[in-house]
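Given next are the chains, with one letter for each unit.
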Amino acid sequence: MVILHAGLCPGLTAEMIQLLKANGIQTVVDFISSDLEEVAQKCSLSYKALVAVRRVLLAQFSAFPINGADLYEELKSSMAILSTGSKSLDKLLDSGLYTGEVLELMGAPGSGKTQVCLSIAASVSHSLKQNVLFIDSTGGFTASRLLQLVQSRTEEEEEQVEALQRIQVAHVFDIYKMLAALQELRHCMSQQVVCSVGPVKLLVVDSVSAVVCPLLGGRQSEGLALMMQLARELKTLAREFGLATVPTGIQVELDIGGYEALEERPGASGEEL
Amino acid sequence: MAGSTAQRRRPPASRSGEDATTLPREIGISKEEALETLQVIRQECDSNAVRTGGDPTALRKCTALELLEQEQAQGFVITFCSALDDMLGGGVQLTKITEICGAPGVGKTQLCMQLAVDVQIPECFGGLAGEAVYIDTEGSFMVERVVDIATACVQHCQLIAEAQQEEDHHKALETFSLEGILSHMYYFRCHDYTELLAQIYLLPDFLSEHSKVRLVAVDGIAFPFRHDFEDLSLRTRLLNGLAQQLISIANDHKLAVILTNQMTTRIGQSQSTLVPALGESWGHAATIRLILHWDNNQRLATLYKSPSQKESTVPYCVTPHGFRDVQPPPPSQTPEGSEMNPRKRPRIEEDKQ
């Protein structure tokens, strides 16, 4: 949600903004979706100037359409498939984890979700030599178990040490810290700052439901909003930076009740460009 | 509230360029609120920049290798039952939540009390030399029993010290006495779920004053939540929030958290099974789950859920000295043939059907 301010684009002066604000147009979305003739009349601004500003704002903030063939070519060159380390799991997932996608693991307690996460992390770190970020919110990450999994893949201690060094672990136990961790990762990667290790290729979140469950239910809707924000952060990370993300959840039926669907705000996507 | 909405809108770093005069005009908040918001954001930026400066609120990341070294350096809380310790990989692990479920009378409170004593064993005898916090919701904590367990533990250590005759053993034994053990066990009694939630909420402050605490035992996490609770979705939320707080405490202060849970019956299609209480979503809260149960007259412990150990079952028993291994039965002393009542004629054994 970008607010109109002077200097956002040439031709958008402070007086124009004052007049627009007086008529209830505060954000870029409001401006673009309003009828410019009406606005020109009400604010007594020149129609041509408004059209020019709108063109510049659209160019600046909207998403670019891309045709299917180009998209296919781009994906073929940029997408990678990370093997999970287990042949049967790879077969189930059509040969592995696709970067740019979010894979969700769900299961009853004790069914092995953390073990799958650990073995995927070990496999990507050791066999594919890529960096992994493991966000742990349940306390289930046991480094000695990870060492066992890495040791089963290689006998040499040097390789084991390297594999362990490529896996970064962050302990976050509530939703705000988790969102902060994901935003920090996004910040790191978008600035192409080498986050002390290298670009992360796999993000594992164990588990998403542990931080979201305390907020869902009851008559408050803030929990749903935070959950959707978390989902969006994961998808953005996956899509934009070509990460493979693996969050885990629990298999519980939730009665969400009669909530309205959340409105998508088109203006928000402009920030990502 | 202004601070939190600013955080959610966009990453903090990009907003710090604004100054306190443009912010109120744009968002329509008062100048004081704008200054407050900017201060919060600048603090975040500073803490992000000085991440390695040990700021507890900033995000701490470490590599798996560093975690491995930390794990290997930290000890375990032993239970005095070596079979159980082996099954758990050395004992009750620090920085994790261990849940102990069982039917009434199987020994959950005994195990909690044993662990509250064992965490205080000095380092030279292989313990952690830590203190214990015991939160009781059922009122089943008996000081007399703890006295028995503690006395037995001290005697055990004295025997070791006499056998090995090392100087630090004797020095440690001066402080490791019955009075010492009892004075380092902090006991809280909570009568309902509100008190329990408040106690857990206040626990970090208590722990920052008593930094030697290495064990927090909550005896009876199920009891306050099971009777008189109408709103089940509220219960799930409270329990999940409680679990997250406990794991956060366990991680920050490097201590072990023990919870005891009751059992309930789940009625399936044709049969009913005994499962831990508080529902399935609670099953995800504990990192390690131990189920204590009976098999005829033998008490067994099953490791049901663990991230690093295999599932298995071991027998244990509860003696006047506390939680112990099952002693193998003594070899029969009467030789075959001689009985209490010598028979006049040999009896022919009938086949059992």
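Conventions we followed
Residues numbered from 1 in each chain as written. Chains lettered and ligands numbered in written order. Predicted model: local features only at pLDDT ≥ 70, side-chain atom pairs only at ≥ 80, totals over all residues. Heavy atoms only, no water. Helix = DSSP H or I, 4+ residues; strand = E, 2+ residues; numbered from the N terminus. Buried < 20%, exposed > 50% of the residue type's maximum accessible area, 1.4 Å probe, protein only. Areas by Shrake-Rupley, 256 points an atom, 1.4 Å probe, with all protein chains shown as cover. Salt bridge = Lys/Arg side-chain N within 4 Å of Asp/Glu carboxyl O. Contact = heavy atoms within 4.5 Å. Pairing = 2+ DSSP bridges. Axes fitted to C-alpha atoms, helices over the stretch in contact; angles between N-to-C directions. Buried area = accessible area lost by both parts, 1.4 Å probe. Polar contact = N/O pair within 3.5 Å; in protein donor to acceptor, adjacent residues only side chain to side chain. Nonpolar A, V, L, I, M, F, W, Y, C, P; charged D, E, K, R; others polar. Core = buried A, V, L, I, M, F, W, Y, C linked by side-chain atoms within 4.5 Å. Phe/Tyr/Trp six-rings, centres within 6.5 Å; stacked < 30°, edge-to-face > 60°. Lys NZ or Arg CZ within 6 Å of the ring centre and 35° of its normal. Arc of directions from axis to C-beta. Parallel < 35°, antiparallel > 145°, perpendicular 65-115°, else oblique. Left-handed = near helix turned anticlockwise from the far one by under 90°. UniProt positions renumbered as here; feature names shortened; annotations may be inferred.

**A few points about the overall build of chain B**
Link 1 in the chain: Regarding its fold elements, chain B presents 14 helices and 14 strands.
Link 2 in the chain: A buried classification covers 46% of the 353 residues belonging to chain B.
Link 3 in the chain: About 19300 Å² of surface is accessible on chain B, with carbon and sulfur atoms providing 51% of the total.

**Some details on the pattern of salt bridges**
Link 1 in the chain: Considering all chains together, one arrives at three salt bridges over all chains under this definition.
Link 2 in the chain: The closest approach of N and O atoms between K177 of chain A and D174 of chain A, which form a salt bridge, is 3.6 Å.

**Quick look at the side chain of T287 of chain B**
Link 1 in the chain: Note on placement: T287 of chain B falls in the loop between α14 (280–283) and β11 (288–295).
Link 2 in the chain: With a relative accessible area of 6%, T287 of chain B lands in the buried category.
Link 3 in the chain: Excluding its chain neighbours within four sequence positions, the residues that come into contact with T287 of chain B are T138, G139 and G140 of chain A together with K96, I97, I247, K305, S306 and P307 of chain B.

**Observations concerning the sheet that holds strand β4 (residues 97–102) of chain B**
Residue and element names in this part refer to chain B.
Link 1 in the chain: Spatially, β6-β5-β7-β8-β4-β11-β12-β13-β14 is the arrangement adopted by the nine strands of the open sheet, whose pairing is mixed. In the strand order of this sheet, the two ends are held by β6 (185–189) and β14 (322–324), each with one partner. Each strand of the sheet is rotated relative to its neighbour by a mean of 25 degrees, with strand direction disregarded.
Link 2 in the chain: Here strand β13 (residues 313–319) runs beside β14; their pairing, made up of three bridges, is antiparallel. Among the inter-strand pairings, T319 is bridged to a residue of β14, identified as G322.
Link 3 in the chain: Those strands touched by helix α11 (residues 193–209) are β5 (131–136), β6 and β7 (213–219), and its axis lies near 165 degrees from that of β5.

**Re the interface of chain A and chain B**
Link 1 in the chain: With 52 residues of chain A at the contact, the number on the chain B side is 37 residues.
Link 2 in the chain: Across the chain A/chain B interface, buried area totals approximately 4000 Å², and carbon plus sulfur atoms make up 57% of it.
Link 3 in the chain: Where chain A meets chain B, there are zero salt bridges.
Link 4 in the chain: Where chain A touches chain B, the interface holds eleven residue pairs in polar contact (both at pLDDT 80 or more).
Link 5 in the chain: Elements with a contribution of two residues or more to the side of chain A that touches chain B: α7 (113–126), α8 (143–151), α9 (157–165), β5 (167–171), α10 (175–190), α11 (208–212) and α12 (222–241) of chain A.
Link 6 in the chain: Classifying every residue of the side of chain A that touches chain B by side-chain character gives 27 nonpolar, 19 polar and six charged.
Link 7 in the chain: As paired elements, β5 of chain A and strand β1 (residues 61–63) of chain B share three bridges and run antiparallel to each other. If you follow V169 of chain A over to β1 of chain B, its bridge partner there is C62 of chain B.

**Observations concerning the nonpolar core**
Residues and elements named next belong to chain B.
Link 1 in the chain: With 47 residues, the main nonpolar core has L84, V117, F176, M185, L215 and I258 as its most contacted residues.
Link 2 in the chain: No other element matches the seven residues that helix α8 (residues 143–164) contributes to this core.
Link 3 in the chain: When residues no more than four places from it in sequence are discounted, the contact partners of M185 are A116, V117, Q120, A132, F141 and V146.
Link 4 in the chain: Residues L196, V257, L278 and W282 belong to the second largest nonpolar core, which totals 34 residues.

**Describing the packing of aromatic side chains**
Residue and element names in this part refer to chain B.
Link 1 in the chain: According to the stated counting rule, one finds ten aromatic pairs over all chains in the structure shown.
Link 2 in the chain: Centroid distance Y134 to F141: 4.6 Å. Interplanar angle 50 degrees. Geometry classified as tilted.
Link 3 in the chain: Relative accessible area serves as the criterion here: at 0%, Y134 is assigned to the buried category.
Link 4 in the chain: Linked through ring pairs, Y134, F141 and Y187 together constitute an aromatic cluster.
Link 5 in the chain: Lying over the aromatic face of F80, R324 brings its terminal NZ or CZ to 4.5 Å of the ring centre.

**A look at helix α7 (residues 108–118) of chain B**
Link 1 in the chain: Counting buried positions over the eleven residues of α7 of chain B gives eleven, a clear majority of the element.
Link 2 in the chain: Taken together, the buried positions of α7 of chain B are occupied by K108, T109, Q110, L111, C112, M113, Q114, L115, A116, V117 and D118 of chain B.

**Structural notes on helix α1 (residues 14–22) of chain A**
Residue and element names in this part refer to chain A.
Link 1 in the chain: Of the positions making up α1, those classed as buried are M16, I17 and L20. Each buried residue of α1 sits inside an arc of 95 degrees when the element is viewed along its axis, so together they form one side. Facing away from the buried surface of α1 by more than 90 degrees, the exposed residues are E15, Q18 and A22.
Link 2 in the chain: The secondary structure elements touched by the buried residues of α1 are α2 (28–33), α3 (36–43) and α4 (47–61).
Link 3 in the chain: Two residues or fewer after α1 comes G24, characterised by a positive phi angle close to 90 degrees.

**Quick notes on the packing of α8 of chain B against helix α9 (residues 167–175) of chain B**
All names here are of chain B.
Link 1 in the chain: It is the contact of α8 with α9, at a shortest axis distance of 9 Å, that shows an interaxial angle of 155 degrees. By the criterion of interaxial angle, the relationship of α8 to α9 is roughly antiparallel. Considering the relative orientation of α8 and α9, their crossing is left-handed. Across from C157, Q158, I160, A161 and Q164 in α8, the residues of α9 making contact are H169, H170 and L173.
Link 2 in the chain: A class-by-class count of the residues in the contact of α8 with α9 yields four nonpolar, four polar and no charged.

**As for the UniProt feature "domain: RecA family profile" (unreviewed entry) in chain B**
Link 1 in the chain: Following the UniProt record, the feature "domain: RecA family profile" (unreviewed entry) maps to residues 73–263 of chain B here.
Link 2 in the chain: In the segment residues 73–263 of chain B, helix accounts for 52% and strand for 18%; the C-alpha atoms at its two ends are 35 Å apart.

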